[in-house]
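If you want the building blocks of each chain, they are given just below.
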Amino acid sequence: METSLLGLVMGGFTSATIGAAARLGVADALADGPATGGELAKKVDADPDALEALMKAVTALGVFARDEEGRYTNSPLSEQLRSDHPESIRHLASLLCGLYTQAASGGLTQAVRTGTSVMPHAFGVSLYEYLDKDPETARIFDLAMQDWSRPIGVLAARHISFEGVRTVVDVGGGNGALLKAILSAHPHLRGICVDREDTCTRAEAELRASGDEDLVRRLRYRPSDILREVPAGGDLYIIKNVLHDWSSESCVRILGNIRKAMSAGAGPDRKPRLLVVDPLVEHDSGAAFRSVIKMVVGETNTRERSEADLRRETAEAGLDIVSIMPAPADLSVVECVVAAGA
Ligand SMILES: C[S@@+](CC[C@H](N)C(=O)[O-])C[C@H]1O[C@@H](n2cnc3c(N)ncnc32)[C@H](O)[C@@H]1O
């Protein structure tokens with residue numbers, strides 16, 4: 001589609017079309033080879049004519065391909081919508097092209113008028129209240145975060161120093177994708193994944209069902225509202241892609257709760273560290289667009305953070321920043337320790 005104002009305006013349909021193909025599992029259904037529209041409709045449980053229309057649209061975008069006999073196949077782009085692709089974004093596509101786009105189209109105008117979050121205008125509740133009431137979307141949300149985390153998990157396992165660390169606590173760790181990557185690469189470590197109750201329940205059941213006895217033994221899920229409490233017991237705390245959902249006031253509360261947990265577990269031979277992994281405007285090439293996503297799913301008054309913002313928030317929470325390193329995927333890794341006297 002050519003780049004014109006109308007083309008950009010049609011972007012919502014482009015997104016919805018790809019999101020529907022992702023949600024239906026079309027790329028998985030084509031993993032074993034080409035299929036006609038009719039065959040595909042049976043595999044993904046869809047109406048044949050409607051699916052043919054959807055497939056023509058996504059194929060025109062290059063996301064799938066169509067051979068001379070009219071059979072559909074995966075293309076290099078649609079391969080990434082397969083659930084088993086090492087860099088799969090199937091669930092991320094379902095979420096971004098589904099709930100997030102629905103929220104934006106239902107509430108962005110009103111949210112810009114009022115300066116408040118989009119979700120309450122679109123659905124009457126915040127993002128996490130919405131997920132509490134819709135387990136299927138919540139399941140997709142957790143898997144979408146896993147899609148997002150997968151490449152970072154491998155890098156984190158390789159580049160973070162785990163010297164002197166026995167227990168890693170991932171605060172708002174979702175279904176534990178980051179900890180699984182870290183624990184798999186470092187057999188001496190144990191992990192505690194802290195998240196909302198329903199996320200922990202789903203993740204724990206999935207881990208047990210996976211039959212990975214080693215990870216079942218070393219990875220624990222701990223439900224907790226991090227705005228109220230973060231469990232003690234970690235040598236290394238990580239909070240990745242969480243603060244960007246929250247206003248400055250809530251961030252100070254979350255960081256303060258982590259600091260309390262770090263202080264409670266500190267001793268002469270134990271000085272817990274915290275890694276904040278989040279975008280900071282200085283190293284975030286997508287900051288302008290991301291600020292709209294924050295308006296859509298973040299709390300009211302959630303904005304992109306600069307280094308200066310995070311320095312003020314960590315200081316208010318009783319933490320000292322030791323280093324700030326730019327990382328892949330527009331992230332920064334900020335290492336913190338408990339401030340003297342905190
Ligand atoms: C944007 S996701 C990031 C997940 C994961 N850290 C990652 O990088 O993929 C934010 C996470 O914070 C969790 N969360 C949100 N509010 C929370 C709360 N009040 N207490 C505990 N966890 C919360 C969500 O369930 C979600 O897993």
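In this report, the structure presented in the accompanying data block is examined. These numbers come from a predicted model, not from an experiment.

### Overview of the overall build of the chain
Looking only at helices and strands, the chain has 16 helices and nine strands in total. In terms of C-alpha radius of gyration, the chain reaches 22 Å, essentially the compact-globule figure of 20 Å for 342 residues. Judged by the C-alpha coordinates and their principal axes, the chain covers about 70 × 50 × 35 Å. Counting every position in the chain, which comprises 342 residues, the buried fraction comes to 47%. Of all intrachain contacts in the chain linking residues separated by at least 6 positions in sequence, the fraction that spans at least 24 positions is 65%. A total accessible area of about 16,600 Å² is found for the chain, and carbon and sulfur atoms account for 55% of it. A gap of 4 Å separates the mean positions of the 37 positive and 48 negative side-chain charges of the chain.

### Points about the site of the ligand
Inspection of the region around the ligand gives 16 residues, with Ser149, Gly172, Asp195, Asp225 and Lys240 positioned closest. Between the ligand and isoleucine 226, the relevant distance is 3.0 Å, taken from a nitrogen atom to a main-chain nitrogen or oxygen of the residue. Lysine 240 places a polar side-chain atom, nitrogen or oxygen, 2.8 Å from an oxygen atom of the ligand. For the ligand, whose accessible area on its own is 590 Å², the fraction buried by protein is 95%. Taking a 2 Å distance to the grid points as the criterion, the majority of the atoms of the ligand fall inside the largest pocket. The greatest single-element share of the shell around the ligand, amounting to three residues, is contributed by helix 10 (residues 135-159). For the shell around the ligand, the residue count by class is five nonpolar, six polar and five charged.

### Some thoughts on the side chain of threonine 167
Within the secondary structure layout, threonine 167 lies in strand 3 (residues 167-171). Ignoring any residue separated from it by four or fewer positions in sequence, one finds threonine 167 in contact with Arg190, Ile192, Gly233, Gly234, Asp235 and Leu236.

### What about the pattern of salt bridges?
Tallied over the entire structure, the rule returns 24 salt bridges. Put simply, arginine 71 and glutamate 69 hold a salt bridge, and the shortest N to O gap is 3.4 Å. Here arginine 71 falls in the partly exposed class, since its relative accessible area comes to 29%. Since its relative accessible area comes to 60%, glutamate 69 is described here as exposed.

### Points about the nonpolar core
Ranked by internal contacts, the top residues of the largest apolar core, which has 27 residues, are Tyr237, Ile239, Ile258, Leu274 and Val276. Taken together, the elements giving at least two residues each to this core come down to strand 3, strand 4 (190-195), strand 6 (236-240), helix 14 (248-265), strand 7 (273-278), strand 8 (319-327) and strand 9 (331-338). With six residues, the top contributor of residues to this core is helix 14. When near neighbours in sequence (up to four residues on either side) are disregarded, leucine 274 contacts Tyr237, Ile238, Ile239, Leu255, Ile258, Met262, Leu319, Val334, Glu335 and Cys336. Ile152, Ile182, Cys200 and Leu275 belong to the second-largest nonpolar core, a separate cluster that totals 25 residues.

### Comments concerning the packing of aromatic side chains
Tallied over the entire structure, the rule returns three aromatic pairs. Judged by centre distance (4.8 Å) and plane angle (50°), the rings of phenylalanine 123 and tyrosine 130 are tilted. By relative accessible area, phenylalanine 123 is classed as partly exposed at 29%. Note on tyrosine 130: relative accessible area 17%, which makes it buried. When the centroid spacing of 5.9 Å and the interplanar angle of 90° are considered together, the rings of tyrosine 128 and phenylalanine 141 count as edge-to-face. Linking tyrosine 128 in helix 9 (residues 127-133) with phenylalanine 141 in helix 10, this pair joins segments that are 13 residues apart in sequence.

### A few points about the environment of valine 154
Looking at the secondary structure, you find valine 154 in helix 10. On a C-alpha basis, the gap between valine 154 and proline 48 in space is 40 Å, while along the polypeptide they are 106 residues apart.

Basis of the calculations
- Residues numbered from 1 in each chain as written.
- Predicted model: local features only at pLDDT ≥ 70, side-chain atom pairs only at ≥ 80, totals over all residues.
- Heavy atoms only, no water.
- Helix = DSSP H or I, 4+ residues; strand = E, 2+ residues; numbered from the N terminus.
- Rg over C-alpha atoms; globule rule 2.2 N^0.38 Å.
- Buried < 20%, exposed > 50% of the residue type's maximum accessible area, 1.4 Å probe, protein only.
- Contact = heavy atoms within 4.5 Å.
- Areas by Shrake-Rupley, 256 points an atom, 1.4 Å probe, with all protein chains shown as cover.
- Lys, Arg positive; Asp, Glu negative; His and termini not counted.
- Charge placed at Lys NZ, Arg CZ, Asp CG, Glu CD.
- Near = heavy atom within 4 Å.
- Polar contact = N/O pair within 3.5 Å; in protein donor to acceptor, adjacent residues only side chain to side chain.
- 1 Å grid on protein atoms, 1.4 Å probe; cavity = no way out; pocket = protein on both sides within 12 Å on 5 of 7 lines; lining within 4 Å.
- Sits in = over half its atoms within 2 Å of the grid points.
- Nonpolar A, V, L, I, M, F, W, Y, C, P; charged D, E, K, R; others polar.
- Salt bridge = Lys/Arg side-chain N within 4 Å of Asp/Glu carboxyl O.
- Core = buried A, V, L, I, M, F, W, Y, C linked by side-chain atoms within 4.5 Å.
- Phe/Tyr/Trp six-rings, centres within 6.5 Å; stacked < 30°, edge-to-face > 60°.

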